[in-house]
Amino acid sequence: MRIDILTIFPEMFEGPFDHSIIKRAKQKNIVEINIHNIRNFATNKHKNVDDYPFGGDAGMVMMIEPIALCIEKLKSEREYDEVIYLSPDGILLDQNIANNCSLYNNIIVLCGHYKGIDERIREHFITKEISIGDYVLSGGELAAAVFCDSIIRLIPGVLNDETSALSDSFQDNLLSPPVYTRPADFRGWKVPEVLLSGNEKLIKQWQMDKSLERTKGRRPGLLNENTVL
Ligand code: ADE
């Protein structure tokens with residue numbers, strides 16, 4: 001998968017993709033992430049990327065031209081599955097959407113700022129809008145990092161058997177069961193006996209029971225008719 005991220009704060013991506021699973025996915029050439037500074041496409045003397053809104057509201061709006069030029073350049077080089085805009089107005093990201101988006105080959109991800117982007121970018125270039133939650137962030141960069149992480153880890157070959165996404169919370173509409181590691185007894189706080197029993201069938205059953213219990217207690221809305229009780 002190739003991801004082209006358009007931002008006015010490229011430095012914000014110096015951390016999230018340079019560690020752990022995403023770093024390894026890049027090293028294995030399973031994903032290529034390119035960060036583009038929208039300011040490099042500004043055509044005016046001062047390299048402005050934002051301007052006052054028509055109609056006189058407070059706040060600044062990201063200008064159409066630099067973003068249009070950047071998207072058009074990328075699109076002239078290859079085909080894209082989607083041009084995605086991270087916005088609180090978008091469809092709410094969940095595991096199902098992440099699963100679907102993990103199948104793309106090439107995507108453009110646009111990070112907004114200020115009061116938003118000139119509406120004509122949405123009308124003429126954006127094919128999908130995604131929100132990572134019902135709250136407002138200062139900009140789209142953190143949302144883009146969350147979205148990219150959620151899809152990259154699902155690409156075959158990124159996770160190994162041990163870290164397989166199949167056992168993730170939400171993958172079957174259930175939260176994950178509790179997990180423990182050594183020591184089996186810390187100040188008298190003991191790991192559940194069944195996990196030390198070596199009986200795989202009993203362990204699986206215990207994990208399923210705990211998953212259901214946790215989901216019912218914390219996120220009952222996730223449970224639907226398809227859940228095997
Ligand atoms: N930009 C600002 N807030 C956002 C959110 N909740 N999701 C996606 N992009 C955003």
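Above this text sits the structure in question.
We now turn to the structure provided with this report. (Residues numbered from 1 in each chain as written. Predicted model: local features only at pLDDT ≥ 70, side-chain atom pairs only at ≥ 80, totals over all residues. Heavy atoms only, no water.)

## Topic: the pattern of salt bridges
Consideration 1: Overall, the coordinates contain eleven salt bridges when judged by the stated rule.
Consideration 2: The residue R2 makes a salt bridge to D4 at a minimum N-O spacing of 2.8 Å.
Consideration 3: R2 gets classed as buried once you look at its relative accessible area, which sits at 15%.
Consideration 4: A salt bridge links R2 to E32, with the shortest nitrogen-to-oxygen separation between them at 3.3 Å. Within this pair, whereas R2 is found in strand β1 (residues 2-7), its partner E32 is found in strand β2 (residues 32-37), the two being separated by 30 residues in sequence. (Salt bridge = Lys/Arg side-chain N within 4 Å of Asp/Glu carboxyl O. Buried < 20%, exposed > 50% of the residue type's maximum accessible area, 1.4 Å probe, protein only. Helix = DSSP H or I, 4+ residues; strand = E, 2+ residues; numbered from the N terminus.)

## Focus: the environment of I8
Consideration 1: Relative to the helices and strands, I8 is located in the loop between β1 and α1 (20-27).
Consideration 2: Residue class for I8 comes out buried when judged on its relative accessible area of 4%.
Consideration 3: Counting along the chain gives 102 residues from I8 to L110, while the straight-line C-alpha distance between them is 9.8 Å.
Consideration 4: For I8, the contacting residues outside a window of four places in its chain are N37, I38, R39, V49, M62, H113, Y114 and E141. (Contact = heavy atoms within 4.5 Å.)

## With respect to helix α5 (residues 140-152)
Consideration 1: Between its first and last C-alpha, α5 extends 18 Å over 13 residues, near the 18 Å set by a 1.5 Å rise per residue.
Consideration 2: Within α5, ten of the 13 residues are buried, leaving the element largely enclosed by the surrounding structure.
Consideration 3: Residues of α5 that are buried: G140, E141, A143, A144, A145, F147, C148, S150, I151 and I152. (Expected span 1.5 Å × (residues − 1).)

## Some remarks on helix α6 (residues 200-218)
Owing to its 3.6 residues per turn, the α-helix aligns residues three or four sequence positions apart on the same side.
Consideration 1: The terminal C-alpha atoms of α6, which comprises 19 residues, lie 26 Å apart, in line with the 27 Å expected from a rise of 1.5 Å per residue.
Consideration 2: Buried within α6 are the following residues: I203, W206, S211, L212 and T215.
Consideration 3: For α6, the N-terminal cap is N199; the gap from its side-chain oxygen to the backbone nitrogen of K201 is 3.2 Å. (Polar contact = N/O pair within 3.5 Å; in protein donor to acceptor, adjacent residues only side chain to side chain.)

Structural measurements only, silent on function.
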